[in-house]
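Coordinate analysis (summary)
Each chain, letter by letter, is given below.
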Amino acid sequence: MDINSVVNVLKSDYITQGPRISEFEESLAEYCDSKYAVCFNSGTSALHASYYALGIRGGDEVITSPITFVATSNAALYLDAHPVFTDVEKSTGNMDVSLVEEKITSKTKLIVPVHYSGNPVDLKNLSEIAVDHNLCMVEDAAHALGASYDGKFIGNSGYSEMSIFSFHPVKHITTGEGGMVLTDNKDYYDKLVMFRSHGVTKDNLQGEPDGDWYYEMQLLGFNYRITDIQAALGLSQLLKLPSFVERRRSIAERYDTAFKGNEFFKTIPRSSYGLSSYHLYPILINSEYRDRKREIFSKLRLEGLGVQVHYIPVYLQPYYQNLGYRRGSCPVAEDFYQCEISIPMYPALSDSDVDYVISKVFKVFHNL
Ligand SMILES: *Cc1c(COP(=O)(O)O)cnc(C)c1O
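Residues numbered from 1 in each chain as written. Predicted model: local features only at pLDDT ≥ 70, side-chain atom pairs only at ≥ 80, totals over all residues. Heavy atoms only, no water.

1. Quick word on the overall build of the chain
Along its length, the chain carries 11 helices and 15 strands. Across the 368 residues of the chain, 55% fall into the buried class. Taken as a whole, the chain presents about 16600 Å² of accessible surface, with 50% of it coming from carbon and sulfur. Computed over 34 positive and 46 negative side-chain charges, the inter-centroid distance for the chain is 7 Å. (Helix = DSSP H or I, 4+ residues; strand = E, 2+ residues; numbered from the N terminus. Buried < 20%, exposed > 50% of the residue type's maximum accessible area, 1.4 Å probe, protein only. Areas by Shrake-Rupley, 256 points an atom, 1.4 Å probe, with all protein chains shown as cover. Lys, Arg positive; Asp, Glu negative; His and termini not counted. Charge placed at Lys NZ, Arg CZ, Asp CG, Glu CD.)

Structure (structure tokens):
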């Protein structure tokens, strides 16, 4: 199905800027119950565009989590804005909402919660802080396609100005590379569309057209367009999203049951307000074993498990250290990094694969 839909585009009149892109946008908007969607060539460009559309500019401060992929805060740097990292909850790796307020200054414009591993941030409480201080919110929902908060899909929680998704192959659905911004606001939508394509438009002209060819460049945009080839892949992937998410949830349930109450590590507890889409399944090693994480990680790899670590706190990266960010500024995030290992989580895992992972994980810990 994926292959056919891509081949059909290759046989059609459009390779890019054709009908598949708006079909993909409309389908995802409908799925998440959002008014508008704008497709981009990556989740990173979607982040950049969403911050731009909100008017984030040089000197503005953007509060986000350090337990994320570097793109979340890099997109603020692209606009000469200043990322401010706020610490996370020890149990979930999500932004600790109770610590956000003390990070707010007169320069703060935006809060960017990251739904780490697909487990939703407490958006209601976070948005109360945003509203109190007149700040905008963009959800980095790259992990959270198919997740829900208070019964509504992430992508239109009703608590933020915009949400972004990524369609990199490790994410829930893929377009090879790609991303999307969802919003209910027409002004943001118009800016996102222009920013995606050089800031050029044929609508809402500022000057007098001197012919039918006339177009205007009204802002400094980029070429952040996705192709029809990719959008066709996204459309056929989107049809499978519900079954992908369902499978991830049943794998998580199998893991949860097997790991419940074990003496070696914790797993991320379910929240009372949302449903995770399980982009990742992190295990958080207990403090007695923490200084042996390197050994545990390499033994899991030796057992053939494709384990990963998500994430090195962003501000510990050399580029951020050179900007003046300091180790120790988010101690819980640094601790989280010390104890986190992501074990295999993808829909193609069979129940026996999952049982195999469980037995190898216990084997490694029992033999420490
Ligand atoms: C994947 C990811 C991104 C970036 O998406 P790309 O499509 O790879 O550019 C941003 N934020 C988070 C949390 C991600 O996991």
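2. Focus on the pairing of strand β3 (residues 82-85)
With four bridges connecting them, strand β2 (residues 61-64) and β3 associate as parallel partners. If you follow Ile63 over to β3, its bridge partner there is Val84. After leaving β2, the chain enters helix α4 (residues 71-78) and then returns to the sheet as β3, a path that is right-handed. (Pairing = 2+ DSSP bridges. Right-handed = clockwise from strand over helix to strand, strands pointing away.)

3. Observations concerning the nonpolar core
General note: in soluble globular proteins, nonpolar side chains tend to be found buried as a group. Within the largest apolar cluster, 44 residues are counted, with the highest numbers of intra-cluster contacts made by Tyr255, Phe259, Tyr281, Ile343 and Val361. For this core, the elements supplying multiple residues, two or more each, are α7 (228-259), β14 (281-285), α8 (293-302), α10 (331-339), β15 (340-343) and α11 (351-366). If you tally residues by element for this core, the top one is α11, at seven residues. Among the domains, domain 1 (2-236) and domain 2 (242-366) are the pair contributing at least three residues each to this core. Residues Ala37, Ile63, Leu182 and Leu241 belong to the second largest nonpolar core, which totals 39 residues. (Core = buried A, V, L, I, M, F, W, Y, C linked by side-chain atoms within 4.5 Å. Domains from an automatic or database assignment.)

4. Details of a negative patch on the surface
A cluster of acidic residues, Glu26, Glu30, Asp33 and Asp184, forms a negative patch at the surface. Within the secondary structure, Glu30 sits in helix α2 (residues 19-32). (Patch = residues over 30% accessible without salt bridge, like charges linked within 9 Å, V, L, I, M, F, W, Y side chains within 5 Å. Salt bridge = Lys/Arg side-chain N within 4 Å of Asp/Glu carboxyl O.)

5. Side note on the sheet that holds strand β6 (residues 148-149)
Taken in spatial order, the three strands of this open sheet run β7-β6-β13, and their pairing is antiparallel. Either end of the sheet is taken by a strand with one partner, and the two such strands are β7 (152-153) and β13 (274-275). Where β6 and β13 come together, two bridges link them in antiparallel fashion. Residue Ser148 lies in a different strand from β13, and its bridge partner there is Leu275.

6. Observations regarding the environment of Gly146
In this structure, Gly146 sits in the loop between β5 (136-140) and β6. Apart from residues no more than four positions distant in its own chain, Gly146 is found in contact with Tyr31, Phe153, Val245, Arg249 and Ser277. (Contact = heavy atoms within 4.5 Å.)

7. As for the packing of aromatic side chains
Aromatic rings considered in pairs are described by the distance between their centres and by the relative angle of their planes. Here the structure, examined in full by the defined rule, presents 26 aromatic pairs. Plain terms: the ring middles of Tyr319 and Tyr320 are 6.1 Å apart, the flat faces sit at 75° to each other, and that makes the pair edge-to-face. Residue classification places Tyr320 among the buried residues on the basis of a relative accessible area of 2%. A network of ring pairs unites the aromatic residues Tyr255, Phe259, Phe264, Phe265, Tyr281, Tyr289, Phe362 and Phe365 as a single cluster. Taking the ring centre of Tyr52 as reference, the NZ or CZ of Arg57 above it sits at 4.3 Å. (Phe/Tyr/Trp six-rings, centres within 6.5 Å; stacked < 30°, edge-to-face > 60°. Lys NZ or Arg CZ within 6 Å of the ring centre and 35° of its normal.)

8. Looking at the site of the ligand
As a structural note, the neighbourhood of the ligand is formed by 16 residues, with Gly43, Thr44, Asp140, Ser166 and Lys171 the closest of them. Contact between the ligand and Lys171: an oxygen atom at 3.0 Å from a side-chain N or O atom of the residue. Within the side chain of Tyr311, a nitrogen or oxygen atom sits 3.4 Å from an oxygen atom of the ligand. Counting only elements with at least two residues in the shell around the ligand, the list comes to α3 (43-53) and α4. Of the residues forming the shell around the ligand, the biggest block, three residues, is contributed by α3. The residue makeup of the shell around the ligand, split by class, is six nonpolar, eight polar and two charged. (Near = heavy atom within 4 Å. Polar contact = N/O pair within 3.5 Å; in protein donor to acceptor, adjacent residues only side chain to side chain. Nonpolar A, V, L, I, M, F, W, Y, C, P; charged D, E, K, R; others polar.)

9. As for the packing of α7 against α11
The relative placement of two packed helices comes down to the angle between their axes together with the axis-to-axis distance. As a packed pair, α7 and α11 sit with axes 10 Å apart at the nearest point and diverge in direction by 35°. Handedness of the α7/α11 crossing: right-handed. Contact residues: Arg247, Ile251, Arg254, Tyr255, Ala258 and Phe259 in α7; Asp351, Val354, Asp355, Val357, Ile358, Val361 and Phe362 in α11. For the contact of α7 with α11, the per-class residue count stands at nine nonpolar, no polar and four charged. (Axes fitted to C-alpha atoms, helices over the stretch in contact; angles between N-to-C directions. Left-handed = near helix turned anticlockwise from the far one by under 90°.)

10. Concerning the domain arrangement of the chain
When the domains of the chain are assigned, the result is domain 1 (2-236) and domain 2 (242-366). Counting from both sides, the interface comprises 39 residues of domain 1 and, opposite them, 36 residues of domain 2. For the domain 1 and domain 2 pair, buried surface summed over both sides reaches about 3000 Å², with 60% attributable to carbon and sulfur atoms. At the boundary of domain 1 and domain 2, one finds 23 residue pairs in polar contact (both at pLDDT 80 or more). Within the residue set of the side of domain 1 that touches domain 2, elements represented by two or more residues are α4, β3 and β6. Residues belonging to the side of domain 1 that touches domain 2 are distributed by class as follows: 18 nonpolar, 15 polar and six charged. (Buried area = accessible area lost by both parts, 1.4 Å probe.)

11. Digging into the packing of α3 against α4
Here α3 crosses α4 at 45°, and the two axes come no closer than 9 Å. Regarding the angle of α3 to α4, the classification is oblique. Seen along the crossing, α3 lies across α4 with a hand that is right-handed. In this structure, α3 contributes Thr44, Leu47, His48 and Tyr51 to the contact, and α4 contributes Ala71, Thr72, Ala75, Ala76 and Tyr78. Within the contact of α3 with α4, the residues separate by chemical class into six nonpolar, three polar and no charged. (Parallel < 35°, antiparallel > 145°, perpendicular 65-115°, else oblique.)

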